[in-house]
Amino acid sequence: MNKNIEIKNARIHNLKGIDVSIPKHKLTVITGVSGSGKSSLAFDTLYEEGKRRYLMFSGTEFMVDSVQSFDSITGLSPTVAVEQRIIRQSNPRSTVGTKIKISAMLAALFANYGSCLPEYDDGQPLEVSMFQKNSAKGMCVKCLGKGVVKWIDADKMFEDKSQHIYDIACGLGKRGSTRNMLEIFCKNYGMNLWEDTLSDLTDEQIDLLKYGDGGKSKFYGFIPWITLLTSGAVSTSGRLASILKDEGMIEERKCIKCGGTGLGEKASHITFGDKTINDLEHMYISDLLNFLNENNDGKNPLLKEIITKLSCMVDVGLHHLSLSRPVPTLSGGEIQRLFLASYIIAEMDSIIFVFDEPTIGLHEIEKENLIRIIRRLVDNGNTVVVVEHDEHFIRVADYIIDIGPKAGIYGGYKVFEGDYDLFLKCTDSKTASYLNDRSGFKIKREYRRSIDQKMLTLSGARLHNLKNVTVSIPLGVMVGVAGVSGSGKSSLIADTLVPKLKEQLKSKCIMDEDEEDSDGTEENMNKEVTLTGVSNIKHCYIIDQRPIGRSRTSCPATYTGIFDHVRNLFAQSDKAKERGYTAGMFSVNSKGGCHKCKGDGVIHYHVGFGNFIDIGCDACGGSGYIREAMEITVGGKNIRDILEMSVDEARDFFSDKDEMIYKMLAILQRVGMGYIKLGQATPTISGGESQRIKLAKELAKGKNNKNVLYILDEPTTGLSFSDSEQLMSLLNELVDMGNSIIITEHDSYVLSNCDYIIELGEGGGNAGGNIIATGTPAELKNNPVSIIGRYLK
């Protein structure tokens, strides 16, 4: 029996034909600079071949003879991979509870062991579906399981009597089908859409505009029509609702009928231990575990199984979540730990597990527990391979493989293979040099002070677990926000500070357009919160980890605006002009896209158990473009060649061809994205990468003058030591120019290089929600109350 997994001549992407030997039943860390080829080895070689062999023996019809990206792999076992990008493929309505099947188990617990209040007991047996808000039997009939209903403020919408009819509801009457229906409606009732103001109309005519004529006309009236438009029944775009919400004309309110639970009336009155199923699903998992343990008589096998699953979730650092938390709101690290919990529960052995930076989003103190849990997988007879930059993980690994020495075409070599002690002696490894202090991460010892004592002061924050928090945030410096998972960092910054900034700065506060749906809780809890000092800020940029782009063909080139310039370069070539081609010929979404695969380059097939296999499109040869588009070249490269370039390669290529492209690529390099391909598909881009691409796009606009506030959420996620240092250098330049930066972070190196730290805690969930320490990194290091202070450099 093979003691090692032997990979010979791996050459996919930028890998340079490397040979590696991974010991079985051990913990192996694959490290190296960002973009060096770590994931190409771990996921695109090891995992993909494991999946291919499973499909070969499972009898699936979707087997194709593809060009092998290695000579041989021996010692392979069934392989499971959990990547950060899996979160981007999740059902938007999926929750933590549904993902790990605990919600269904709770529904069964209530159906079999729940107690019904006498006045609601109709004698009918309880069914599991009664406790599931996505079920016809379980959902509230008014809000259809959502827990919220949209409320339109008709008085606000019609209060300005000087506005024309077409200006009602932010100009809704001027657009599309609304304009056509409204114009006819107005003529029928003696009104002129384009000339009449509300002051020209009678009360009866205004009522007709508000509520319609009872169905006699195609136009329902503004209130019913907006209700329909914003419900998703006519359009899935949330733009109208967002515009009206900003103007105070529409808001989401808790459903009165179900009290916001989304459940039907009977389910809302069934209890277990004097609590409803909604109560349990909204508890922190640590609190839910304590509650169920208190109500466990040892005779209920279903309850025992639920407790086992919850205990495992606490062990992997998910104690701060609730079962009702939507999966798409989880970080890449949290989603991996959610899957890790399910694997541990299953007690599998002889499996190869491949993880992608599972420490993401974990406090230093929590990483130790995660490592212990992953060690349990190894002790159970499994092989664990982890792509990781974290120094703690590297130190405890049984075996280390370093890929490098640089990123992209300058990487892909095996720099080192062996144990940790030998790794420290490797002079060719950038990572090793940081671990043994040969070069080391530069740590500042002098801290900036706030300019003229300018502060943002947030008072009365009570959202989620925040306990009436008041905090002053200095401006003109770099502020780090620290704390264990669930301590209240996101509640304070993303969910309280950001909405208050948006409220006061309006269009000067720039953030993603597609904001998450809200149940109204945040708005209600934040009404009593006050924020002062905003007059010191000219603009604010909220740069988070949500995916870039919305279409399936979006990529860094399209998001940053580079691709418009690239397509124009191709359209301006002599051969393209001769043939009469426009820029549309070089877009997969337009004339140039392959008709068979719709520009994807592959055909997607579902092969069961949540697995997909992609088969290269034979019509376009995998390019996504028609033949005519591929025949046009610029500098000897066709359009697909350009999209396959890394940022580093493209910068050299475009240096004498287009100034805008060159400048944008230079900024992408500076934020640590030199390795990423211009045409890399959005679903394969991690949250940290998305955030850095957004930062580059904003910096390229040239608006980074003085008094701009940047708010970032773990911007170094996925970056190696050297790349993190490079990004921090850029952020420090922004601050030196007179700007302010707020970073929510766990990385001890990043926090050590902030000017000021705000620490929440001391624990997560109900044990958090307080400011436990503030000051410079040096002050926190000497503060016995501070937890992060123990880990600062």
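Computed from a predicted model, the values in this text were never measured in an experiment. (Residues numbered from 1 in each chain as written. Predicted model: local features only at pLDDT ≥ 70, side-chain atom pairs only at ≥ 80, totals over all residues. Heavy atoms only, no water.)

**Observations concerning the side chain of Arg640**
Here Arg640 lies in helix α24 (residues 639-643). Look at Arg640 and you get buried, because its relative accessible area is 18%. Discounting residues that sit within four places of it in the chain, Arg640 has contacts with Ser623, Tyr625 and Met630. (Helix = DSSP H or I, 4+ residues; strand = E, 2+ residues; numbered from the N terminus. Buried < 20%, exposed > 50% of the residue type's maximum accessible area, 1.4 Å probe, protein only. Contact = heavy atoms within 4.5 Å.)

**Observations regarding helix α9 (residues 239-246)**
Looking only at α9, the buried set comprises Leu240, Ala241 and Leu244. All buried residues of α9 lie within an arc of 95° about the axis, which places them on one face of the element. Against the buried residues of α9 lie β7 (148-152), α5 (168-171), α8 (222-229) and β8 (250-254). In the segment just after α9, Gly248 is the residue with positive phi, at about 75°. (Arc of directions from axis to C-beta.)

**Observations concerning the pattern of salt bridges**
Inspection of the entire model under this criterion finds 34 salt bridges. A salt bridge links Lys367 to Glu364; the nearest nitrogen and oxygen atoms lie 3.1 Å apart. On the criterion of helical spacing, the pair formed by Lys367 and Glu364 is a turn pair, its members being 3 residues apart in helix α14 (residues 364-379). This pair shows no difference in class: Lys367 is buried, exactly as Glu364 is. Put simply, Lys444, Arg448, Asp736 and Asp755 are held in one network by salt bridges that share partners. (Salt bridge = Lys/Arg side-chain N within 4 Å of Asp/Glu carboxyl O.)

**Here we look at the confidence of the model for the protein chain**
Overall, the predicted model of the protein chain reaches an average pLDDT of 88, with 93% of residues at or above 70. Every residue in residues 514-519 scores below 50 in pLDDT, and together they form 10 contacts with partners more than four places removed in sequence or on other chains. (pLDDT = per-residue confidence, 0-100.)

**A closer look at the pairing of strand β12 (residues 399-404)**
Taking burial as the measure, the 6 residues of β12 include 6 buried ones, the bulk of the element. Burial along β12 is two-sided: the face carrying Tyr399, Ile401 and Ile403 and the face carrying Ile400, Asp402 and Gly404 are both buried. For strand β3 (residues 27-31) and β12, the ladder comprises 4 bridges, and the chain directions are parallel. Along β12, the bridge assignment pairs Ile30 with Ile401. (Pairing = 2+ DSSP bridges.)

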